[in-house]
Amino acid sequence: MGDQEILDVLARVLRDLLMDDSIVLKMDTRREDVPNWDSLIYINFIVAVEIELGVKFKVADVESFANVGEIVTRIRAMLQ
Amino acid sequence: MPRRLTMDWLPAPPDFRGHLRAAVETPTLGERLEKLAFLAQHRLGFLETIQLDRALGRPNPEPGSGFSMVRLAILASSTVDHLVPAIRVAALRRRLVVDVHTGAFGQHRQDLLDSASRVHQFAPQMVLLSFTARESIAGVPLTATLAEVDEAINRSIEELRVLWKAARQALKATAIQQTFLDVTEPLFGSYDRLVAGAPSRMVARLNDLMSEAAASEGVLLLDVARASEIDGIDAWFDAGRWMQAKMEIAPPAAPLYGDLVARIVAAQRGLSKKCLVLDLDNTLWSGVIGDDGLEGIVLGEGSAAGEAHLALQRYALQLKARGVILAVCSKNDTTIAEAVFRDHPEMLLRRADFAAFVANWEDKAANLKTIAGRLNIGLDSLVFVDDNPVERARVRESLPMVAVPELPEDVAYYVGCLANAGYFETVSFTPDDQVRAEQYAANTEREALLGSSESVDDFLRGLRMSVVFGPVKAVDLSRVTQLINKTNQFNPTTRRYTAEEVEAIAAAPEMISLQFRLLDRFGDNGLISILILRPEPEQADVLQIDTWVMSCRVFGRDLEFEAMNIAVETARRRGVRAFRANYIPTKKNGVIRDLYPRLGFTRVNAEMPADGTIQWHLNLAEYVGRKTHIDRLGK
């Protein structure tokens, strides 16, 4: 799975969670850039991505991701 | 993921996105709710559940729309916000719209005990208490004796009792206590169970003692401890989520958790299923009786498949013993089908176990309607078990209100599927339940009498009925509460009361509460009607019929006339001048639309309010009781 494909999955999950089709995610998007992306939605997002892609993040990763790109990179490493 | 966690008894969703979009774009609330409820009938994942909940929003459906509102407060010592969408979706599956209030994290004591708190303002009808075991067993040393462990645990339980009391007395809500999830790690290993102070041993003890306390106080349980034993603790608890967000229930378990909660809420509202309808060929035995004959079908010990069918029969009998009505709906010749029950030596189920037995070549949906009609219960009270996916799909298509479990391919797992679906969840188990299925089965004999009677009058006389009546008694409290909350048809006001409220009503000297039990030559029909009369404000000699419920089992026996005769006599002795009554129409109580005019009441309001309520009046001086064929057996 390439970075763009992973990014597409992340964007779709977040749009579904927030019921907002206007959301666009880029590699440098940060949580605070997306309206309503609060901590509960963030955990739900992590869980939904884990279920969708069959991966499991480390707790240390989940609290240290600085932007979407870091999530993509981590997923790519797990899928390899 | 364990199969149960995906709720595999529900059918896979049709194009979820398409249906969700169509629902969201539907402008009228009633139609939108119907479309969302249709989606909720399907197997939904974690993300789909959240989407459906968002699409549901915070609607306020009108009475009579077929959807009811429930206010549920959750007071927890862990994070539960991620569970709310699943609760609301699972409730919608049962045509309930739940408004959920989650108390502030760890603030449950103040929330419950302070009458100015937001929980009190929210005025919940149900309060779910969800606590971790940590608080209760913290500080107990590993070397503690069983007595010391019990002492610590009992201190926690005393605190719970205070909370339960506040929920029930101050909030007048039904209290539901969640059992404690055992998230402890093995310490000694197998030896843990032999050490009173071992963490896992203490959690088990806590659940035991708490359950005893709940039983003695009439508090309901949400048994996540048992659920985690079935599915495995890893399915229910994720240490990472606890560390990240103090979630004790793992998010992937949310859909099932929500369903477990909704089952209790629905059961409390009388929305649990009442009747198990079974197909015959390849469901109760392997093979087709019409083609294979008595010797050709596979059933019984000696064959694994034969044992699997026996297991289903045994489970059906267990359900019958707790009050679930059994019925047959099969494409078969009646004589040939009935012969299996009579002549096959391995059959556990007998023909007499079924309150309705429909075997013919008609469409199964039509036959299910016949069964519901004959038993006088709603189609939404039926669970239809059929091995044939085509029949299942057709019944779902034409009768969406009938529950049709999506059975696994292998008959060995039929019982597990049926049991895990939780169709027959209950909030009480009374002596009436233990004999209910027999009472329905006796209706077959009553029907035979009706068939051989010259007239209805002749039939009613031939039944040799008598009524036992009197004020609502403490010993019958759980049955009375059950009847008030379960009855949807003969129920002009559809008011629901908790056991505490019923107790208060029964004790109030200004009110009249009557309970009725009907007997006839075929047996005791049990406690089947409740009538509650309440004085009008500032008019002590005028009583309002607050609640009147009657089990559908005894419709058509003229009991409503005899009950009204009794109520009028009781009221006259107290100097009451008149009765007032409201008929508030719902989707279910159309059968008693004409109840009050038939009893001699006159209509008060010419104009009908938006909810369709009709107000009725009865001047007791003018009341002429109808003579019935029901004898009175006194108080």
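The rules behind each value
Residues numbered from 1 in each chain as written. Chains lettered and ligands numbered in written order. Predicted model: local features only at pLDDT ≥ 70, side-chain atom pairs only at ≥ 80, totals over all residues. Heavy atoms only, no water. Helix = DSSP H or I, 4+ residues; strand = E, 2+ residues; numbered from the N terminus. Buried < 20%, exposed > 50% of the residue type's maximum accessible area, 1.4 Å probe, protein only. Contact = heavy atoms within 4.5 Å. Areas by Shrake-Rupley, 256 points an atom, 1.4 Å probe, with all protein chains shown as cover. Lys, Arg positive; Asp, Glu negative; His and termini not counted. Charge placed at Lys NZ, Arg CZ, Asp CG, Glu CD. Buried area = accessible area lost by both parts, 1.4 Å probe. Salt bridge = Lys/Arg side-chain N within 4 Å of Asp/Glu carboxyl O. Core = buried A, V, L, I, M, F, W, Y, C linked by side-chain atoms within 4.5 Å. Axes fitted to C-alpha atoms, helices over the stretch in contact; angles between N-to-C directions. Parallel < 35°, antiparallel > 145°, perpendicular 65-115°, else oblique. Nonpolar A, V, L, I, M, F, W, Y, C, P; charged D, E, K, R; others polar. Pairing = 2+ DSSP bridges. Polar contact = N/O pair within 3.5 Å; in protein donor to acceptor, adjacent residues only side chain to side chain. Expected span 1.5 Å × (residues − 1). Bend = angle between axes of the 7 residues up to and from the residue. Phe/Tyr/Trp six-rings, centres within 6.5 Å; stacked < 30°, edge-to-face > 60°. Lys NZ or Arg CZ within 6 Å of the ring centre and 35° of its normal.

The number of helices and strands found in chain B is 25 helices and 17 strands. Per-residue burial over chain B gives 55% buried out of 635 residues. Of the contacts formed within chain B by residues at least 6 apart in sequence, a portion of 73% connects residues at least 24 apart. Here chain B displays about 26,500 Å² of accessible surface, and carbon together with sulfur accounts for 52% of that area. Averaging the coordinates of the 73 positive side-chain charges in chain B and doing the same for the 82 negative ones gives two points 5 Å apart.

Take the interface of chain B and chain A next. Taken together, the contacts link 18 residues of chain B with 18 residues of chain A. With both sides pooled, the region where chain B packs onto chain A buries about 1,600 Å², and carbon together with sulfur makes up 69% of that total. When the buried area of chain B at its contact with chain A is split by residue, Leu 47, Arg 54 and Arg 241 of chain B rank highest and sum to 34% of it. Across the chain B-chain A interface, the total number found is 3 salt bridges.

Let us now look at the nonpolar core. Residue and element names in this part refer to chain B. In terms of nonpolar packing, the biggest core is built from 78 residues, with Leu 72, Leu 222, Trp 236, Tyr 257, Leu 276, Trp 285 and Phe 341 touching the most fellow members. Take this core: its biggest share by element is 9 residues, from helix α13 (residues 254-268). In this structure, Ile 325, Leu 399, Met 465 and Trp 616 belong to the second largest nonpolar core, which totals 67 residues.

All names here are of chain B. Looking at where Lys 273 falls in the secondary structure, it is placed in the loop between α13 and β6 (275-278). Although buried, Lys 273 forms no salt bridge, and the nearest oppositely charged side chain, Asp 380, lies 6.1 Å from it. Those residues in contact with Lys 273, other than ones at most four positions away along the chain, are Asp 380, Ser 381, Leu 382, Val 383, Met 401, Ala 403, Tyr 423 and Phe 424.

By the element assignment, Ile 43 of chain A lies in helix α2 (residues 39-53). Assessed through its relative accessible area of 7%, Ile 43 of chain A is described here as buried. For the pair Ile 43 of chain A and Val 62 of chain A, spaced 19 residues apart in sequence, the C-alpha to C-alpha distance is 8.6 Å. With sequence-adjacent residues up to four places away left out, Ile 43 of chain A is seen in contact with Arg 241, Gln 244, Ala 245 and Met 247 of chain B.

So, on to the packing of α2 of chain A against helix α3 (residues 46-56) of chain B. The axes of two packed helices give the description: the angle between them and the distance between them. Across the interface, α2 of chain A lies against α3 of chain B with an axial gap of 9 Å and an inter-helix angle of 135 degrees. Between α2 of chain A and α3 of chain B, the angle falls in the class oblique. For the pair α2 of chain A and α3 of chain B, the contacting residues are Ile 41, Asn 44, Val 47, Ala 48 and Ile 51 of chain A in the first and Phe 46, Leu 47, Ile 50 and Arg 54 of chain B in the second. Taken together, the residues that form the contact of α2 of chain A with α3 of chain B break down as 7 nonpolar, 1 polar and 1 charged.

Residues and elements named next belong to chain B. Strand order across the open sheet formed by 8 strands is β15-β16-β14-β13-β12-β11-β10-β17, with mixed pairing between neighbours. Two strands lie at the open edges of the sheet, namely β15 (602-603) and β17 (630-632), each paired on one side alone. Where strand β11 (residues 512-520) lies against strand β12 (residues 523-536), 8 bridges are found, and the strand directions are antiparallel. When the sheet's bridge partners are listed, Ile 512 is paired in β12 with Leu 533. Across the face of the sheet, helix α20 (residues 431-452) comes into contact with β11 and β12 while running at roughly 110 degrees to β12.

The next point concerns the sheet that holds strand β8 (residues 356-360) of chain B. Residue and element names in this part refer to chain B. The parallel open sheet is built from 4 strands, whose spatial order is β8-β7-β6-β9. Two strands in the sheet have a free side with no partner beyond their single neighbour: β8 and β9 (382-385). The average undirected angle you get between the axes of adjacent strands in this sheet is 20 degrees. With 5 bridges joining them, strand β7 (residues 325-331) and β8 adopt parallel strand pairing. Bridged to Lys 331 within β8 is Asn 360. Along the sheet, helix α16 (residues 334-343) contacts β7 and β8; its crossing angle with β8, the most-contacted strand, is approximately 130 degrees.

A few words on the side chain of Ser 529 of chain B. Secondary-structure assignment places Ser 529 of chain B in strand β12. A polar atom in the side chain of Ser 529 of chain B sits 3.4 Å from the side chain of Trp 548 of chain B.

It is worth spelling out the pairing of β9 of chain B at this point. All names here are of chain B. By the alternation rule, side chains of β9 split into Leu 382 and Phe 384 and Val 383 and Val 385, which are all buried. Pairing analysis gives 4 bridges linking β6 to β9, with the strands arranged parallel. Bridge pairing in β9 links Val 277 to Phe 384.

Here we come to α20 of chain B. Residues and elements named next belong to chain B. For α20, which comprises 22 residues, the first-to-last C-alpha distance of 32 Å matches the rise-based estimate of 32 Å (1.5 Å per residue) to within 8%. Its maximal kink placed at Ala 437, α20 deviates by approximately 35 degrees. Buried within α20 are the following residues: Asp 432, Asp 433, Arg 436, Ala 437, Gln 439, Tyr 440, Ala 441, Ala 442, Asn 443, Arg 446 and Leu 449.

Our focus in this paragraph is the packing of aromatic side chains. A full pass over the atoms with the stated rule returns 15 aromatic pairs over all chains. On the basis of an interplanar angle of 80 degrees and a centroid distance of 5.6 Å, the ring pair of Phe 57 of chain A and Phe 65 of chain A is categorised as edge-to-face. Measuring from centroid to centroid gives 6.1 Å for Phe 490 of chain B and Phe 555 of chain B, while their planes differ by 55 degrees, and the two rings are tilted. Of this pair, Phe 490 of chain B sits in the loop between α22 (477-486) and α23 (499-507) while Phe 555 of chain B sits in the loop between β13 (539-550) and α24 (559-573); the two residues are 65 residues apart in sequence, bridging distant segments of the chain. One exposure class covers both Phe 490 of chain B and Phe 555 of chain B, and it is buried. Grouping aromatic residues by their ring pairs yields a cluster made of Phe 490, Trp 548, Phe 555, Tyr 596 and Phe 601 of chain B. If you follow Arg 31 of chain A out to its NZ or CZ, it ends over the ring of Tyr 42 of chain A, 4.7 Å from the centre. Positioned over the ring face of Trp 242 of chain B is Arg 134 of chain B, at 3.8 Å from the centre of the ring.

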